[in-house]
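Structural features, examined
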Amino acid sequence: MNVRRGSASARRQFTPEGFKLNGQVIKLRGLNRHQTYPFSGGAMPDRVQRRDAWVLRKELHCNIVRTSHYPQATAFLDACDELGLLVLEEIPGWQHVGDKSVAGHYGAQRRRDDPARLNHPSIVVWGVRVNESEDNHDFYTRTNALAHSLDDARARGGIRYKYDSEFLEDVFTMNDLTSRCASRTIPPT
């Protein structure tokens with residue numbers, strides 16, 4: 001069994017000056033990736049998963065990708081490791097946490113159940129907040145603590161859609177759904 005190991009020599013940190021990789025400030029440029037494809041959903045072979053990472057890094061010149069909103073294929077994460085494409089890996093879910101019985105099964109627990117994900121050096125931020133969900137202090141305090149206990153070397157973030165939501169993570173991550181081009185019209189084709 002081939003198990004990857006995260007690089008202990010790579011220093012990754014978010015600072016007031018910006019994201020630093022091995023002491024050098026790097027401007028993060030990235031996109032969000034849904035692992036679904038027209039006509040096939042998520043049922044694509046490893047070569048397509050790897051190609052997605054290559055397109056993001058080499059054709060679109062991204063240096064970070066946000067994985068949404070569920071576990072991504074191992075082949076995709078392997079390719080990110082090999083290409084130097086940084087990853088913000090979200091926990092599964094979208095906009096709704098659920099009651100306490102459901103909340104106990106969310107994504108940070110998945111990391112405990114799938115420790116191989118900890119071995120991907122490309123992952124620089126663990127998502128600890130259900131995408132665009134309302135504040136839930138007790139639940140998000142637990143997901144932050146669990147992520148920190150499993151991997152205290154990487155930052156934690158939680159994608160939100162309100163600037164005034166409670167900030168418990170290391171990195172403020174935001175879906176800015178405002179539009180600066182609402183008054184513009186798209187010319188007919």
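Quick look at the structure, then. (Residues numbered from 1 in each chain as written. Predicted model: local features only at pLDDT ≥ 70, side-chain atom pairs only at ≥ 80, totals over all residues. Heavy atoms only, no water.)

**Considerations on unusual backbone geometry**
Trans peptide bonds make up most of the peptide bonds, and negative phi angles are found at most residues other than glycine. This is how it is decided: The numbering of helices and of strands both runs from the N terminus, where a helix is a DSSP run of H or I of at least 4 residues and a strand a run of E of at least 2.
The backbone phi angle of N22 is positive, close to 55°, even though this residue is not glycine. Tracing the backbone through its elements, the reader meets N22 in the loop between β2 (18–21) and β3 (24–26). The backbone of E132 shows a phi angle near 55°, a positive value even though the residue is not glycine. Relative to the helices and strands, E132 is located in the loop between β7 (123–127) and α5 (137–150).

**With respect to the pairing of β2**
Applicable threshold: Paired strands, in this sense, are two strands between which DSSP finds at least two bridges.
The pairing of strand β1 (residues 12–15) with β2 spans 4 bridges and is antiparallel. Looking at β2, one finds that F14 is bridged to F19. Here β1 hands over to β2 after 2 residues, the two strands then running antiparallel side by side. Note that β2 and β3 share 3 bridges and pair antiparallel.

**Looking at the sheet that holds β1**
The cut-off we apply is this: In this analysis, axes come from line fits to C-alpha atoms, helices being fitted only over the stretch in contact, and the angle between any two N-to-C directions falls in the range 0 to 180 degrees.
Taken in spatial order, the 3 strands line up as β1-β2-β3 in an open sheet, and their pairing is antiparallel. The sheet is open, and its two edges are formed by β1 and β3, each paired on a single side. If you compare each strand with its neighbour and ignore which way they point, the axes differ by 35° on average.

**As for the packing of helix α1 (residues 46–59) against helix α2 (residues 74–83)**
As a reminder of what qualifies: Less than a right angle of anticlockwise turn of the near helix away from the far helix marks a crossing as left-handed, whereas a clockwise turn marks it as right-handed. In what follows, a contact means two residues having at least one pair of non-hydrogen atoms within 4.5 Å. Residue polarity is assigned by list, with Asp, Glu, Lys and Arg as charged and Ala, Val, Leu, Ile, Met, Phe, Trp, Tyr, Cys and Pro as nonpolar; anything else, Gly included, falls into the polar class.
Relative orientation of the contacting elements α1 and α2 amounts to 35°, with a least axis distance of 8 Å. With respect to the hand of their crossing, α1 and α2 are arranged in right-handed fashion. Packed against α1, whose contacting residues are D46, Q49, R50, D52, A53, W54, L56, R57 and K58, the element α2 presents A75, F76, D78, A79, C80, E82 and L83 at the interface. Its residues assigned to classes, the contact of α1 with α2 comprises 8 nonpolar, 1 polar and 7 charged.

**Looking at the pairing of strand β8 (residues 155–160)**
Rule in force here: Throughout this description, buried means an accessible area under 20% of the type-specific maximum (1.4 Å probe, protein chains only), exposed means over 50%, and partly exposed covers the range between.
Counting buried positions over the 6 residues of β8 gives 6, a clear majority of the element. Burial along β8 is two-sided: the residues A155, G157 and I159 and R156, G158 and R160 are all buried. When β7 meets β8, the two strands line up parallel, connected through 3 bridges. The partner of V125 across the bridge, within β8, is A155. Pairing of β8 with strand β9 (residues 171–174) involves 4 bridges; the strand directions are parallel. Within the sheet, the bridge partner assigned to R160 lies in β9 and is M174.

**Regarding the layout of surface pockets**
The line we're drawing: Here a cavity denotes a set of grid points, spaced 1 Å apart and computed over the protein atoms alone, in which a 1.4 Å probe fits but from which it cannot get out, and a pocket denotes an open set meeting protein on both sides within 12 Å along at least five of seven lines; residues with an atom within 4 Å of a point are reported as lining. Grid points are joined across faces, edges and corners, and a volume is the space filled by probe spheres set on the points.
Taken as a whole, the largest pocket spans an internal volume of roughly 360 Å³. Around the largest pocket, the lining is made up of 16 residues, and of these L28, I64, L88, F172 and T173 lie nearest the centre. Those elements giving two or more residues to the lining of the largest pocket turn out to be β4 (30–34), β5 (64–68) and β9. The element that contributes the greatest number of residues to the lining of the largest pocket is β9, accounting for 4 residues. Here the residues of the lining of the largest pocket are counted per class, giving 11 nonpolar, 3 polar and 2 charged.

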